[in-house]
Amino acid sequence: MKLIERAALAALHRCDPERAHGLSLRALAMGLAPLPGPVTSPRLAASVAGLALPNPVGLAAGYDKNAEAIAPLARAGFGFIEVGAATPRPQPGNPKPRLFRLTEDRAVINRFGFNNQGMEAIGARLARRRKTAVPVGLNLGANKDSADRAADFARVLAHCGPHVDFATVNVSSPNTEKLRDLQGKAALAALLAGVVEVRAGLANRPALFLKIAPDLSPAELEDLAEVALASGIDGIIATNTTLARDGLKSRHAAETGGLSGAPLFDRSTRVLARLSHLTEGRLPLIGVGGIGSADQAYQKIRAGASAVQLYSAMVYRGLSLIPEIARGLDALLARDGFATVAEAVGTGRGNWL
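All of these numbers come straight from a predicted model, not from anything done at the bench.

Trainee: Summarise the side chain of Ser312; cite the residues concerned and give the values.
Mentor: The topology assignment puts Ser312 in the loop between strand E13 (307-310) and helix H10 (313-317). There is a polar contact of 2.6 Å between the side chain of Ser312 and the side chain of Ser260. Filtering out sequence-adjacent residues up to four positions away, Ser312 remains in contact with Val108, Ser260 and Gly261.

Trainee: Mind laying out the sheet that holds strand E11 (residues 258-261), listing which residues take part and the relevant values?
Mentor: An order of E5-E6-E11 is seen for the 3 strands of this open sheet, with the pairing classed as antiparallel. Unpaired on one side and paired on the other, strand E5 (99-102) and E11 mark the two borders of the sheet. Averaged over all neighbouring strand pairs, the angle between strand axes comes to 20°, with direction disregarded. Bridge count between strand E6 (residues 107-110) and E11: 4 bridges; the pairing is antiparallel. When the sheet's bridge partners are listed, Ile109 is paired in E11 with Leu259.

Trainee: Outline the side chain of Ser306, supporting the account with residue identities and numerical values.
Mentor: On the secondary structure map, Ser306 appears in the loop between helix H9 (294-303) and E13. Judged by its relative accessible area of 16%, Ser306 falls in the buried class. Not counting residues up to four positions away in its chain, the partners in contact with Ser306 are Val48, Pro56, Pro284, Leu285, Val341 and Val345.

Trainee: For H9, give the residues involved together with the corresponding values.
Mentor: Within H9, 7 of the 10 residues are buried, which leaves it mostly tucked inside the rest of the structure. Here H9 has its buried residues at Ala294, Gln296, Ala297, Tyr298, Lys300, Ile301 and Ala303. Residues of H9 that are buried make contact with helix H8 (265-279), strand E12 (285-288), E13, helix H11 (321-335) and helix H12 (341-344).

Trainee: Kindly report on the packing of aromatic side chains, identifying the contributing residues and their values.
Mentor: What describes a pair of aromatic rings is the distance from one ring centre to the other and the angle between the planes of the rings. Scanning the entire structure with this criterion turns up 4 aromatic pairs. Seen in terms of ring centroids, Phe265 and Trp352 are 5.8 Å apart; in terms of plane orientation they differ by 80°. Their pairing is edge-to-face. Taken together, the residues Phe265 in helix H8 and Trp352 in the segment after H12 connect sequence positions 87 residues apart. The class of Phe265 is buried, set by a relative accessible area of 5%. The class for Trp352 is buried, based on a relative accessible area of 16%. An aromatic cluster is built from Phe80, Phe166 and Phe209, whose rings are joined through pairwise contacts. Stacked on the ring of Tyr298, the Lys or Arg Arg302 has its end atom at 6.0 Å from the ring centre.

Trainee: A description of the sheet that holds strand E8 (residues 166-170) should follow, citing residues and the corresponding values.
Mentor: The strand order E3-E4-E7-E8-E9-E10-E12-E13 describes a closed barrel built from 8 strands, whose pairing is parallel. Averaged over all neighbouring strand pairs, the angle between strand axes comes to 25°, with direction disregarded. In the sheet, strand E3 (residues 57-59) pairs with strand E4 (residues 80-86) via 2 bridges, with the strands oriented parallel. In the strand pairing of E4, Gly58 is matched with Phe80. Across the sheet, helix H5 (residues 149-160) lies against E4, strand E7 (136-140), E8 and strand E9 (207-212), angled at about 155° from E7, the strand it touches most.

Trainee: I'd love a proper account of the nonpolar core, names of residues and values included.
Mentor: In globular proteins that are soluble, nonpolar side chains generally tend to be buried together. Grouped together as the largest cluster of nonpolar side chains are 99 residues, with contacts concentrated most on Leu126, Leu138, Phe153 and Ile212. The greatest single-element share of this core, amounting to 7 residues, is contributed by H11. When neighbours within four sequence positions are excluded, Leu138 is seen to be in contact with Glu82, Val83, Gly84, Ala86, Ile122, Leu126, Val156, Cys160, Val164, Phe166, Ala167 and Thr168.

Trainee: I'd love a proper account of the pairing of E4, names of residues and values included.
Mentor: Here E4 lies mainly inside the structure; 7 of its 7 residues are buried. Here 5 bridges tie E4 to E7, and the two strands are oriented parallel to one another. Following the sheet pairing, Val83 is matched in E7 by Leu138.

Trainee: Please give an account of the environment of Ala124 that cites residues and values.
Mentor: Considering the arrangement of structural elements, one finds Ala124 in helix H4 (residues 118-128). On the basis of relative accessible area, Ala124 is assigned to the partly exposed category, the value being 31%.

Trainee: Which residues make up the pattern of salt bridges, and what are the values?
Mentor: A full pass over the atoms with the stated rule returns 15 salt bridges. Two residues, Asp330 and Arg43, come together in a salt bridge whose shortest N-O distance is 2.9 Å. With a gap of 287 residues between them, Asp330 in helix H11 and Arg43 in the loop between helix H2 (17-29) and strand E1 (46-48) connect regions that are remote in the sequence. A salt bridge links Arg89 to Asp145; its shortest N-O distance comes to 2.8 Å.

Rules behind the numbers
Chains are numbered independently. Their residues run from 1 in the order of the written sequence. A pLDDT threshold of at least 70 governs which residues receive local features in this predicted model, and a stricter bar of 80 or more applies before side-chain atom pairs are shown or counted, although totals over entire chains, interfaces and linings include all residues. Side-chain measures were taken over the full set of non-hydrogen atoms in the model, leaving aside hydrogen atoms and water. Segments assigned H or I by DSSP are reported as helices when at least four residues long, segments assigned E as strands when at least two residues long, and all are numbered from the N terminus. Polar contacts here mean pairs of N or O atoms no more than 3.5 Å apart (in protein, one a potential hydrogen donor and the other a potential acceptor; neighbouring residues in sequence count only if both atoms are side-chain atoms). By the convention used here, residues are in contact when the closest approach between their heavy atoms is within 4.5 Å. Strands qualify as paired when DSSP identifies two bridges or more between them. Lines fitted to C-alpha atoms define the axes, with helix axes restricted to the stretch in contact, and inter-axis angles between N-to-C directions lie between 0 and 180 degrees. Only protein chains enter the accessibility calculation, which uses a 1.4 Å probe. A residue is then buried if its area is under 20% of the maximum for its type, exposed if over 50%, and partly exposed in between. Between the rings of Phe, Tyr and Trp (Trp by its six-membered ring), a pair exists once the centres lie within 6.5 Å; its type follows the angle of the planes, with under 30 degrees stacked, over 60 edge-to-face, and the other angles tilted. Charge-over-ring contacts are defined here by two conditions on Lys NZ or Arg CZ: a distance within 6 Å of the ring centre and an angle within 35 degrees of the ring normal. Each nonpolar core is a collection of buried residues, namely Ala, Val, Leu, Ile, Met, Phe, Trp, Tyr and Cys, held together in the definition by side-chain atoms within 4.5 Å. Salt bridges are defined as contacts in which a side-chain nitrogen from Lys or Arg sits within 4 Å of a carboxyl oxygen from Asp or Glu.

Just distances and angles here, no functional claims.
Structure (structure tokens):
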């Protein structure tokens, strides 16, 4: 981390976390952050659900909620970017304060509640973006007061889908009451059928992913894998934030909301490995949760992920962490004799089962 980035992070950490989030996005949009450009190599280049990735290190949803900084993020070293979540109508989200740094734990708790400017504004920005080699996707959400939340996902896809490379059905956020109920077998099958039907009518046919919670029981995970395999979607993102609070030291540990960051790594990786076992390579998986180093990204891949995403670690390490992880991953693959990311996928799954 360069001195200027260290100073910027220190300044942001003196601000309220949500204000710091907004300031970092503004700095990116204004061109104030040094960006390395694309990071790739023959070893890092990957194909996931038909998406050509320069490298397998992606940005998780939640940072650029309203698709305001896509161009600079595409030059930050990521192999793919996910913006959102977007809901049909704009909504303010939950009352503030709703974002907390757990510095001692290298973690974050948020209870945002899908605050966003709505699919009209987000879709317009996505339509105007300049296409690059870095795929861009959208996290699909539902309005809190919707009478038919399952239909909301299809509505957002219909409106924004023509302008993205992939879309993610997010039924696993813990911050919208009863949203996780849509992970149940029957409800999820119906929801995914509606989304897949909408996708079939889009000329660009974006890849469809499902983002799941890390708090599912073994039986629930088995049901979810069965539904996903039968649904026609293209992959699963494992996992979202957790409601668990095991071993936290921070004074903010008791705050409600979803926990992300370092404490989530083991839990989310176990779910990933189990899902890899259940799906037997028939669906690509994207590993998320607690990644803060190249070694942890590599562990996710060896546990069964074809690509990874991160976000919370940037709160503590800044954007320079992204090219550091991508280049470090390249070195780890080379060390172990893998010519491609795909060769390493799942080779260490047994360590997590």
